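# Structural features, examined
Next come the chains, spelled out residue by residue.
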Amino acid sequence: MAVLAESGSNPDVGLLYDINGLAKDAPHWFDRVMEFVGEYGLLVAMVLLVLWCWWSVRRRGGEDAASSVAALVWAPLAAGLAVLVNVPIRGFVERPRPFVDHRGLDVLVSGKTDFSFVSDHATITMALGVGLFVAHRRFGLAGIGLALLEGFCRVYMGVHYPTDVVGGFALGTAVALLLSPLAMALLTPLMKAVQRSPRAGWLVRARTAPDDRDNTLLPGAHRPTKSEKDLAA
């Protein structure tokens, strides 16, 4: 297989060598940055992006606040479920890591002894990105962009084939989208119940959401009647 890879007859392996070859030409400090970003940084960035989206949704308020927060809750649940689905897939395919079968790779992360297909990192980040897209288009596009960067980093680091990454993207997208209707049907009523709670309602909708400010009265204040509003007008 190594001979096949080095001859360039296998597009998957050939692309692996092309992308990983960038690591050989890059400065040492840049490889260390890519190692951190690909192993931990982008996962942390995705979590922060989900939290940022939640903060934006709850501040905006509106009638769709509960459904938007429900979609945000589904995003990490979809990522976790996709990783669980990947467990039997990895055990069935049993594809070794690329550095096991191919010589000359610049492996930036050591200690990877599990199977290669499909990439957990690619699965998690794409499931989060697609879940974000269901909740909020702009944040979702940013999340999908981070997932694509994560996939590139995994190949750059020499720990995954490109098809491992593509498989992770497909798995994360499938779980997040196909199960989204069922998840929303279950989570939206739950978030509406949380929104009505005097103690936990802030998790779904800010106390001073923009569409609530005009209707907010101080305790004991007089609420104008319809006739008073007409006279004022």
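So, how was this worked out
Residues numbered from 1 in each chain as written. Predicted model: local features only at pLDDT ≥ 70, side-chain atom pairs only at ≥ 80, totals over all residues. Heavy atoms only, no water. Patch = residues over 30% accessible without salt bridge, like charges linked within 9 Å, V, L, I, M, F, W, Y side chains within 5 Å. Areas by Shrake-Rupley, 256 points an atom, 1.4 Å probe, with all protein chains shown as cover. Salt bridge = Lys/Arg side-chain N within 4 Å of Asp/Glu carboxyl O. Helix = DSSP H or I, 4+ residues; strand = E, 2+ residues; numbered from the N terminus. Buried < 20%, exposed > 50% of the residue type's maximum accessible area, 1.4 Å probe, protein only. Core = buried A, V, L, I, M, F, W, Y, C linked by side-chain atoms within 4.5 Å. Contact = heavy atoms within 4.5 Å. 1 Å grid on protein atoms, 1.4 Å probe; cavity = no way out; pocket = protein on both sides within 12 Å on 5 of 7 lines; lining within 4 Å. Points joined across faces, edges and corners; volume = space filled by probe spheres on them. Nonpolar A, V, L, I, M, F, W, Y, C, P; charged D, E, K, R; others polar. Expected span 1.5 Å × (residues − 1). Polar contact = N/O pair within 3.5 Å; in protein donor to acceptor, adjacent residues only side chain to side chain. Axes fitted to C-alpha atoms, helices over the stretch in contact; angles between N-to-C directions. Parallel < 35°, antiparallel > 145°, perpendicular 65-115°, else oblique.

Let us look at a nonpolar patch on the surface. Together, Leu81, Leu84, Val85, Leu178 and Leu179 make up a nonpolar patch on the protein surface, roughly 440 Å² of accessible area in all. By residue number, the principal contributor to the nonpolar patch is helix H4 (residues 65-93), which donates three residues. Summarising the element assignment, Leu178 is placed in helix H8 (residues 162-178). Classification of Leu178 by relative accessible area gives exposed; the value is 68%.

What follows covers the nonpolar core. The biggest cluster of nonpolar side chains holds 53 residues, and the ones touching the most others in it are Leu132 and Tyr156. Put simply, the parts of the chain that give this core at least two residues each are helix H2 (11-25), helix H3 (28-60), H4, helix H6 (120-135), helix H7 (137-156), H8 and helix H9 (180-196). Ignoring anything within four residues of it in the chain, the contact list for Tyr156 reads Ile19, Asn20, Leu22, Ala23, Ala26, Phe30, Asp31, Met34, Asp106 and Leu108.

Taken as a whole, the largest pocket holds about 240 Å³ of empty space. In terms of lining, the largest pocket is formed by Val47, Val50, Leu51, Trp54, Val69, Leu72, Val73, Pro76, Leu128, Met191, Val194 and Leu203. Class assignment for the residues of the lining of the largest pocket results in 12 nonpolar, no polar and no charged.

Enumeration over the complete set of coordinates arrives at eight salt bridges. For Arg90, the salt bridge goes to Asp114, with nearest N and O atoms at 2.8 Å. Placement of Arg90 in helix H4 and of Asp114 in the loop between helix H5 (98-101) and H6 is noted, with a sequence separation of 24 residues between them. Residue class for Arg90 comes out buried when judged on its relative accessible area of 10%. A salt bridge links Asp120 to Arg90; the shortest N-O distance between them is 3.4 Å. Taken together, the residues span a long stretch of sequence, with Asp120 in helix H6 and Arg90 in helix H4 at a distance of 30 residues. With a relative accessible area of 22%, Asp120 lands in the partly exposed category. Salt bridges linked by common partners bring Arg90, Arg97, Asp114 and Asp120 together as one network.

Once that is clear, we can look at H2. The periodicity of an α-helix, 3.6 residues per turn, causes residues three or four positions apart to be oriented the same way. The terminal C-alpha atoms of H2, which comprises 15 residues, lie 21 Å apart, in line with the 21 Å expected from a rise of 1.5 Å per residue. Of all the positions in H2, only Asp12, Val13, Gly14, Leu16, Tyr17, Ile19, Asn20, Gly21 and Ala23 are classed as buried. The opening residue of H2, the one whose side-chain oxygen lies 3.0 Å from the backbone nitrogen of Asp12, is Asn10.

Our focus in this paragraph is the packing of H2 against H7. In the contact formed by H2 and H7, the axes pass within 8 Å of each other and the chain directions differ by 85°. Taken together, the axes of H2 and H7 are roughly perpendicular relative to one another. Where H2 approaches H7, its residues Leu16, Ile19, Asn20, Leu22 and Ala23 are matched on the opposing element by Phe152, Val155 and Tyr156. A breakdown of the residues in the contact of H2 with H7 according to their chemical character gives seven nonpolar, one polar and no charged.

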